[in-house]
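Results of the structural survey
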Amino acid sequence: MPQHDRREFLKLAGMAGVTFTAGLFPGQQAQAQAAGEFHFVQFSDTHWGYKGAANPDAENTLGKAVATVNGLAQKPDFIVFTGDLTHTTDDPQERRKRLREFKAIVADLKVQDVHFLPGEHDASLDQGAAFQEFFGPMHYSFDHKGVHFIALDNVSDPAARLGEAQLAWLAQDLSRLGKDAPIVVFTHRPLFDLAPQWDWATRDGSQVLAQLMPHAHVTVFYGHIHQEHHFTTGRIQHHAAQSLMIPNIDDAAQAAEMREQPLPALCADARDVGAEQGARLPALRDEQQRLVERADDHAQHPGRDGQRDQDQEAGKEVFAHRVLVILIAAAHGPQENGTLGCAAAAG
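A brief structural summary. Model, not experiment: these values are computed from the prediction.

Here we take up the nonpolar core. The nonpolar side chains of soluble globular proteins are, as a tendency, buried together. Of all hydrophobic cores here, the largest spans 26 residues; its most connected members are Ile79, Phe81, Phe102 and Phe116. Looking at this core, the elements with two or more residues in it are strand E2 (39-43), helix H3 (58-70), strand E3 (78-82), helix H4 (92-106), strand E4 (114-117) and helix H6 (129-135). When neighbours within four sequence positions are excluded, Ile79 is seen to be in contact with Val41, Phe43, Val69, Leu109, Val111, Asp113, Val114 and His115. Formed by 25 residues, the second largest nonpolar core is a distinct cluster that contains Leu194, Val208, Tyr222 and Ile236.

Shown next as structure tokens:
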């Protein structure tokens, strides 16, 4: 991407992720160019209605984001909001009021093609009834310039699952696609078990991934965890976006106020390391490889010498170092083709 364009999209830093489809599917650049290369913007966890110390400017944050996108010289083809449009409330009338206000604010976007997914803050207390009144279906698919997009609902069921009906719908939707078709999936929660103890997982996410795995070119974008994160399951890439309203919850009081789980301490440490502009990256990569090999050995020999606890600790260390490496890489700023095509904004 040309340098002046890159600076243009840095205006979205801390607000949204920008994805260029030419970078999403290696080996398919020719097809992408033939279909028409394009980019889209992902916002997540806008939490309209939140008021608190974590964001003193909460009442203006969403409007400023709209104005920033409207000011871009190169407009995205579409915009997607991946859940938690509003902040949770037990009052059904207040929930609808917040959804109504959110919809009115984003109606000022000059980009008219906008897609919405629910988050648990929007939909878990009423199984998505209010969300559907304002934004329609909670799972759907569409095609754009040769790419198939799928929006999944893993929040309206309080048990954090898609459920049999939606899984059947997904199977039917995928059945009409070739195995080489480029596919992008949007969800709110991660589809893999990032940290189930913090509700960073989907109960039947493994069934979703099993359906997607036969397809050669699949990328998943999600929110929920309020921080940028990148992960791979098999050949499926997963990318999380920062929260617009409150990125990087790492304080217990903030977390309680937001009714969210705090980020693990390792993420705060990773951001500190990231500020060093990757000076420790080579050493961390070596350490990550050592831990991965150790974890693989444990997996091949379960229970050897009674080291079940050590196995679990090794896994935690691998995860911690993986996050460290990711955030250090992000500290270098957006690359020419982003991370697998994602010039996601790091805070």
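Inspection of the secondary structure assignment puts Glu59 in helix H3. Its relative accessible area of 61% is what places Glu59 among the exposed residues.

For the structure on display, the rule yields eight salt bridges. Between Glu94 and Arg98 there is a salt bridge, and its shortest N-O distance comes to 2.9 Å. Linking Glu94 with Arg98, this pair stays in helix H4, spanning four residues, or about one helical turn. Note on Arg98: relative accessible area 12%, which makes it buried. When the shortest N-O distance is used, the salt bridge between Glu101 and Lys97 registers 2.8 Å. Of this pair, Glu101 and Lys97 both sit in helix H4, separated by four residues, roughly a single helical turn.

Interhelical geometry of H3 versus H4 gives an angle of 25 degrees and a closest axis separation of 9 Å. What the angle tells us is that H3 and H4 run roughly parallel. Like other packed secondary-structure pairs, H3 and H4 cross with a definite hand, here right-handed. Here Leu62, Gly63 and Val66 of H3 come into contact with H4, specifically with Phe102, Ile105 and Val106.

Next up on the list: the sheet that holds strand E9 (residues 229-233). If you walk across this open sheet you meet the six strands as E5-E6-E7-E8-E10-E9, and the pairing is mixed. Since the sheet does not close on itself, it has two edges, and those belong to strand E5 (140-144) and E9, each with one partner. Direction aside, neighbouring strands of the sheet carry axes that sit 20 degrees apart on average. Sheet analysis places E5 next to strand E6 (residues 147-151), joined by five bridges and oriented antiparallel.

To continue, consider unusual backbone geometry. The phi angle at Asp84 is positive, at roughly 50 degrees, despite the residue not being glycine. Position of Asp84 among the secondary structure elements: in the loop between E3 and H4. A positive phi angle, near 65 degrees, is found at Asp199, a position not held by glycine. Among the secondary structure elements, Asp199 is positioned in the loop between strand E7 (182-186) and helix H8 (205-212). Note on Asp199: relative accessible area 29%, which makes it partly exposed.

Rules and cut-offs
Residues numbered from 1 in each chain as written. Predicted model: local features only at pLDDT ≥ 70, side-chain atom pairs only at ≥ 80, totals over all residues. Heavy atoms only, no water. Core = buried A, V, L, I, M, F, W, Y, C linked by side-chain atoms within 4.5 Å. Buried < 20%, exposed > 50% of the residue type's maximum accessible area, 1.4 Å probe, protein only. Helix = DSSP H or I, 4+ residues; strand = E, 2+ residues; numbered from the N terminus. Contact = heavy atoms within 4.5 Å. Salt bridge = Lys/Arg side-chain N within 4 Å of Asp/Glu carboxyl O. Axes fitted to C-alpha atoms, helices over the stretch in contact; angles between N-to-C directions. Parallel < 35°, antiparallel > 145°, perpendicular 65-115°, else oblique. Left-handed = near helix turned anticlockwise from the far one by under 90°. Pairing = 2+ DSSP bridges.

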